[in-house]
Amino acid sequence: APPPPWRSSSSYLQSSCWYHCLYYNNRKMNAINWSTSCSPLKVLLCTLLLSCVTFRSSSAFNTPPSAAVRHSNSVQSSIITASSSLSSASPETAVNELNWDKVTDEWELDCYSRPVLVDGKKKLWEILLTDSSGNMRIQRVLPSNKVNSREVRRVVEEIIDNSEVKPSTIRFFRGAMFNMINIALSEIDVVARPSRCTFALAQWIEERNRDVYPKMDGYRPTMGGVGGIGGTFLDIRTAVKLPDALRGEKYAFVGLPLAEFMEGGGIDASNIGVGRLAPVDNTLPADSFVQGVVILTPRAKALASWLAGTEVAGLKADLRKRELVMETDIDNQYLMAKLNDEQRREAAVYEEGKDALGGLHFISVQKDEDDDPAGFWLLREIPVNL
């Protein structure tokens, strides 16, 4: 049986030129024929887009009144938990505690000072290394007189040598440390990617900022959050217009159940094309909805491949500038659309939904409403005060 009709509450963006037009019709969906051959993700997106795409205008941000929600069990994993003291476990002890079957070959690295003074004088510097799933977490203290690329490379090489899973890629997000980390990784047999797609790392740093550093001697809360994304205190970046060959013809704000992204849900690596899925915090309410944007274009494969290559990190609605902006790499921005008054209100709803789930949102790129996504990204906006 089809689910209850969806309640229309948002907009559908359609572009015949760069400045998008907004249409409403507040239609409710009729009964839907569910095909058992369709992937769960395709069914969900088709459900959301069916009425708006067929008539080239519709509501696009849909929130169901209620739905059966699958609650996931907490994923049990072997994690190296960094101590609140300045000492850290030896490499041999650390790696032997891991369940390597759950560790991926995409790693995430941070090297930065923390809001703690050692002996009341010098900043505490740490190297944090995790994998994209968050199952591997390794912390090393870096002496303040050895904060250089040579020492960073030595520590990373030591961890790799003692690891059963070798990294193919190491991502790092902190622009203030770009030169040091880039030089350190240049002599290691990995692909170094400056990227804000360090979702597992960001979650770990947030946990340490909340639970670990405040318990340490020498903690100074005013010292936290000085690095920022991109390493700048004042964001003066200007979004660059997306190349016409990659621009989508239609855009829609939509919402998908968070439960679909959790363990046992219908969205996984098998049906997201060239996209990626950020780790989901199991403490988030499973009956909530993840906000996102669906991009419909006949050049879906080209756009999805381009996004995959540029490390797409998020889609932000800048309400002050009235722009829909795509964030990529470590600090690049691309202008997707200009927003008029009505679109700005819809974008505000989208941003509110992101804030409610700690920045979690998604982007789906597909040819039309009947196609599987060429690329689907579950993303999380990384806080600027890490």
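These lines cover the structure that appears in this document, whether it is placed above or below.

Rules used throughout
All residue numbers here refer to positions counted from 1 along the written sequence of the relevant chain. Local features are withheld for residues below a pLDDT of 70 in this predicted model, meaning they are given only at 70 or higher, and side-chain atom pairs are given and counted only at 80 or more; totals for whole chains, interfaces and linings count all residues. Hydrogens and water molecules were not included; the side-chain quantities draw on all heavy atoms of the structure. The way it works is that DSSP assigns letters per residue, a run of H or I at least four long becomes a helix, a run of E at least two long becomes a strand, and they are numbered from the N terminus. Only protein chains enter the accessibility calculation, which uses a 1.4 Å probe; a residue is then buried when its area is under 20% of its type maximum, exposed when over 50%, and partly exposed in between. When checking whether two residues touch, look at their non-hydrogen atoms; a contact exists if any pair is within 4.5 Å. Every accessible area reported is derived by Shrake-Rupley at a probe size of 1.4 Å, with residue values counting cover from the shown protein chains alone. Note on ring pairs: Phe, Tyr and Trp rings are taken, using the six-membered ring of Trp, and paired if centres are within 6.5 Å. Classes follow the plane angle, with under 30 degrees stacked, over 60 edge-to-face and the rest tilted. Any Lys NZ or Arg CZ found within 6 Å of a ring centre and within 35 degrees of that ring's normal is scored as a charge over the ring. At least two DSSP bridges between two strands are needed for those strands to be called paired. Definition of a polar contact: a pair of N or O atoms within 3.5 Å, with one able to donate and the other able to accept a hydrogen when the atoms are protein atoms, and with sequence-neighbouring residues admitted only if both atoms are side-chain atoms. Axis lines are fitted through C-alpha atoms, for helices just across the contact stretch, and the angle between N-to-C directions can take any value from 0 to 180 degrees. Angle categories: roughly parallel below 35 degrees, roughly antiparallel above 145, roughly perpendicular from 65 to 115, and oblique for all the rest. Put simply, a crossing is left-handed when the front helix is turned counterclockwise from the back one by less than a right angle, and right-handed when it is turned clockwise. All amino acids are sorted into three groups, where Ala, Val, Leu, Ile, Met, Phe, Trp, Tyr, Cys and Pro are nonpolar, Asp, Glu, Lys and Arg are charged, and the leftover types, Gly among them, are polar. Within this analysis, the arc is defined by the directions that extend from the helix axis to the C-beta atoms. Given a helix with a known number of residues, its expected span is that number minus one, times 1.5 Å.

**Things to note about the overall build of the chain**
- Broken down by element type, the chain carries 7 helices and 17 strands.
- Looking at the 386 residues of the chain, the share that counts as buried comes to 53%.
- Put simply, 72% of the contacts in the chain that link residues at least 6 apart link residues at least 24 apart.
- Carbon and sulfur atoms provide 49% of the accessible area of the chain, an area that totals close to 17,300 Å².

**Here we look at the packing of aromatic side chains**
- Considering all chains together, one arrives at 7 aromatic pairs under this definition.
- Ring centres 5.3 Å apart and planes at 50 degrees place the aromatic pair F253 and Y350 in the tilted group. A residue pair is termed long-range when its members are at least 10 positions apart, and F253 in strand 11 (residues 250-257) and Y350 in helix 7 (residues 341-356) qualify at 97 residues. Each member of the pair, F253 together with Y350, is buried.
- R174 extends its terminal NZ or CZ atom over the ring of Y112, reaching a point 4.1 Å from the ring centre.

**A closer look at the sheet that holds strand 15 (residues 332-338)**
- With mixed pairing, 4 strands are arranged side by side in an open sheet as 10-15-14-13. The strands lining the two open edges of the sheet, one partner per strand, are strand 10 (240-241) and strand 13 (312-318).
- Bridge count for strand 13 against strand 14 (residues 323-328) is 6 bridges, and the pairing is antiparallel. Of the residues in strand 14, the one forming a bridge with L315 is M326.

**Structural notes on the side chain of S163**
- Here S163 lies in the loop between helix 3 (149-161) and strand 8 (169-172).
- With a relative accessible area of 4%, S163 lands in the buried category.
- A polar side-chain atom of S163 sits 2.5 Å from the main-chain carbonyl oxygen of I159.

**Here's the deal with the packing of helix 3 against helix 4 (residues 178-186)**
- Here helix 3 crosses helix 4 at 50 degrees, and the two axes come no closer than 8 Å. Considering the angle they form, helix 3 stands oblique to helix 4. Relative to helix 4, the crossing made by helix 3 is right-handed. Here S149, V152, R153 and V156 of helix 3 lie close against helix 4, whose contacting residues are M180, I183, A184 and L185.
- Of the residues that constitute the contact of helix 3 with helix 4, the class distribution is 6 nonpolar, 1 polar and 1 charged.

**Quick look at helix 6 (residues 300-309)**
- For helix 6, the complete set of buried residues consists of A300, L303, A304 and L307. One face of helix 6 carries all of its buried residues, which in axial projection span an arc of 100 degrees. For helix 6, the exposed residues lying more than 90 degrees away from the buried face are K301 and G309.
- Buried residues in helix 6 make contact with strand 12 (289-296), strand 13, strand 14, strand 16 (360-366) and strand 17 (375-380).
- At the exit of helix 6 stands E311, carrying a positive phi of roughly 55 degrees.

**Things to note about unusual backbone geometry**
- Its identity is not glycine, yet R322 carries a phi of approximately 60 degrees, on the positive side.
- Along the chain, R322 falls in the loop between strand 13 and strand 14.
- If you check the backbone angles, D329 has positive phi at about 55 degrees while not being a glycine.
- Note on placement: D329 falls in the loop between strand 14 and strand 15.

**Concerning the environment of R320**
- Its location among the elements puts R320 in the loop between strand 13 and strand 14.
- A relative accessible area of 68% means that R320 is categorised as exposed.

**Topic: the sheet that holds strand 5 (residues 106-118)**
- The strand order 7-6-5-8-9 describes an open sheet built from 5 strands, whose pairing is mixed. At either margin of the open sheet sits one strand with a lone partner, and together these are strand 7 (137-142) and strand 9 (191-194). Across the sheet, the mean angle from the axis of one strand to that of its neighbour is 25 degrees, orientation sign disregarded.
- Sheet analysis places strand 6 (residues 122-131) next to strand 7, joined by 6 bridges and oriented antiparallel. If you follow L128 over to strand 7, its bridge partner there is Q139.
- With respect to the sheet, helix 3 is in contact with strand 5, strand 6, strand 7 and strand 8, its orientation differing from that of strand 7 by roughly 145 degrees.

**A short note on helix 3**
- With 13 residues, helix 3 extends 18 Å from end C-alpha to end C-alpha; this agrees with the ideal 18 Å at 1.5 Å per step.
- Taken as a whole, helix 3 has its buried residues at E151, V152, R153, V155, V156, I159 and I160.

**Considering the pairing of strand 6**
- With 8 of 10 residues buried, strand 6 is to be regarded as a mostly interior element.
- Relative to strand 6, strand 5 runs antiparallel, the two sharing 10 bridges. Among the inter-strand pairings, R114 is bridged to a residue of strand 6, identified as L124.
- Linkage of strand 5 to strand 6, two consecutive antiparallel strands, is achieved through a turn of 3 residues, within which D119 is found at a positive phi near 55 degrees.
- In sequence, strand 6 turns back onto strand 7 through a hairpin of 5 residues, with G134 there showing a positive phi of about 80 degrees.

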